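Structure assessment
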Amino acid sequence: MISCTTKEEKIVSSENLQSNLNSNLEADPVSMDQKNANGNIEFAPQLIKEASINFETKDPKISLQKIKHLIKKYNAIISNENQYSDGANISNQINIKINSKDFEKFLDELEQNIENIDSKTVNVQDVSEEYYDLQTRIKTKKEIEDRYISILKQAKTIKDIIEVENQIGIIRTEIE
């Protein structure tokens, strides 16, 4: 989230950056698994990282340009952008989504371009259990779908075909 505030006599900006990352959207669970010294499979952690930075600047337009340049540089996405005004103050908020591998680099570079940081908060949520559970459920549903498809190929009557196609539809909906 980015917020810019201006006053009539003096330009002041409070900027807030919030970057939501979800590394599990791009993770390949098979390639990320590793065996530990005992030969047991260890799953790579799947993390959601969020950061919020509030700062003041003398020139909000230049600050926003720098932030938007970083957004472009790191192939991030602006998921939400708002501007508020109370007459003397203008505040802008930008929600940014960025690839998890660029999260720390983005924040470091952002901080290098900030003069006065008012506050910084970084939160990390481990969603590994939910991620791998979901991956397992999807894999199981796809196996069931494959079995129904093979049954469909063997179906002889219209009634059987319709029943199997209905079941395939239900499974595909669950997968989605």
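Residues numbered from 1 in each chain as written. Predicted model: local features only at pLDDT ≥ 70, side-chain atom pairs only at ≥ 80, totals over all residues. Heavy atoms only, no water.

Considering the nonpolar core
Note that soluble globular proteins tend to have their nonpolar side chains buried in a common cluster. In terms of nonpolar packing, the biggest core is built from 17 residues, with I53, I67, I71, I96, I98, F106 and L110 touching the most fellow members. Those elements that provide at least two residues to this core are β4 (47–56), α2 (60–73), β6 (90–97) and α3 (103–112). For I71, the contacting residues outside a window of four places in its chain are A76, I77, I78, I96 and F106. (Core = buried A, V, L, I, M, F, W, Y, C linked by side-chain atoms within 4.5 Å. Buried < 20%, exposed > 50% of the residue type's maximum accessible area, 1.4 Å probe, protein only. Helix = DSSP H or I, 4+ residues; strand = E, 2+ residues; numbered from the N terminus. Contact = heavy atoms within 4.5 Å.)

Section: the packing of helix α4 (residues 128–154) against helix α5 (residues 158–175)
Axis separation between α4 and α5 bottoms out at 9 Å; the angle between their running directions is 165°. In terms of their interaxial angle, α4 and α5 are classed as roughly antiparallel. Classified by chirality, the crossing of α5 by α4 is left-handed. Residues I138, K141, K142, I144, E145, Y148, I149, I151 and L152 of α4 form the contact with α5, whose participating residues are I161, V164, E165, Q167, I168, I171, R172, E174 and I175. Of the residues in the contact of α4 with α5, the class split is eleven nonpolar, one polar and six charged. (Axes fitted to C-alpha atoms, helices over the stretch in contact; angles between N-to-C directions. Parallel < 35°, antiparallel > 145°, perpendicular 65-115°, else oblique. Left-handed = near helix turned anticlockwise from the far one by under 90°. Nonpolar A, V, L, I, M, F, W, Y, C, P; charged D, E, K, R; others polar.)

What about the confidence of the model for the protein chain?
Per-residue pLDDT for the protein chain averages 76, and the proportion of residues at 70 or more is 76%. Strand β1 (residues 15–20) is the least confidently modelled element of the protein chain, averaging 36 in pLDDT, while α5 averages 92, the highest of any element. Counted against residues more than four places away or in other chains, residues 1–32, with its pLDDT under 50, gives 123 contacts. (pLDDT = per-residue confidence, 0-100.)

Observations regarding α3
All of the buried residues in α3 are F103, F106, L107, E109 and L110. All buried residues of α3 project into a common sector of 165° when viewed along the axis, lining one side. (Arc of directions from axis to C-beta.)

Section: the packing of aromatic side chains
Under the criterion given, the structure shown has two aromatic pairs. Taking 5.8 Å as the distance between ring centres and 80° as the angle between the ring planes, the aromatic pair formed by Y74 and F106 counts as edge-to-face. Of the two residues, Y74 sits in the loop between α2 and β5 (77–85) while F106 sits in helix α3, which places them 32 residues apart along the sequence. Arranged with centres 4.9 Å apart and planes meeting at 80°, the rings of Y131 and Y132 form a pair that is edge-to-face. Taken as a pair, Y131 and Y132 share a single burial class, namely buried. (Phe/Tyr/Trp six-rings, centres within 6.5 Å; stacked < 30°, edge-to-face > 60°.)

Notes on the environment of V122
With respect to the helices and strands, V122 occurs in strand β7 (residues 116–126). Distance from V122 to A51, taken between C-alpha atoms, is 4.3 Å for residues 71 residues apart in sequence. In this structure V122 touches E50, A51, F103 and L107, once residues within four positions along its chain are discounted.

As for the pattern of salt bridges
Pairs can form between side chains of opposite charge once their charged atoms are near each other. Considering all chains together, one arrives at nine salt bridges under this definition. Across the pair R137 and D133 runs a salt bridge whose closest N-O atoms are separated by 3.1 Å. Of this pair, R137 and D133 both sit in helix α4, separated by four residues, roughly a single helical turn. A salt bridge links K141 to E174, with the nearest nitrogen and oxygen atoms 2.6 Å apart. Of the two residues, K141 sits in helix α4 while E174 sits in helix α5, which places them 33 residues apart along the sequence. Of the residues examined, K141 reaches a relative accessible area of 27% and is grouped as partly exposed. What emerges from the salt-bridge pattern is a single network uniting K101, D102 and K105. (Salt bridge = Lys/Arg side-chain N within 4 Å of Asp/Glu carboxyl O.)

Structural notes on α4
In this model α4 runs 40 Å from its N-terminal to its C-terminal C-alpha over 27 residues, within 8% of the 39 Å that 1.5 Å per residue would give. Among the residues of α4, S128, Y131, Y132 and E145 are the ones counted as buried. (Expected span 1.5 Å × (residues − 1).)

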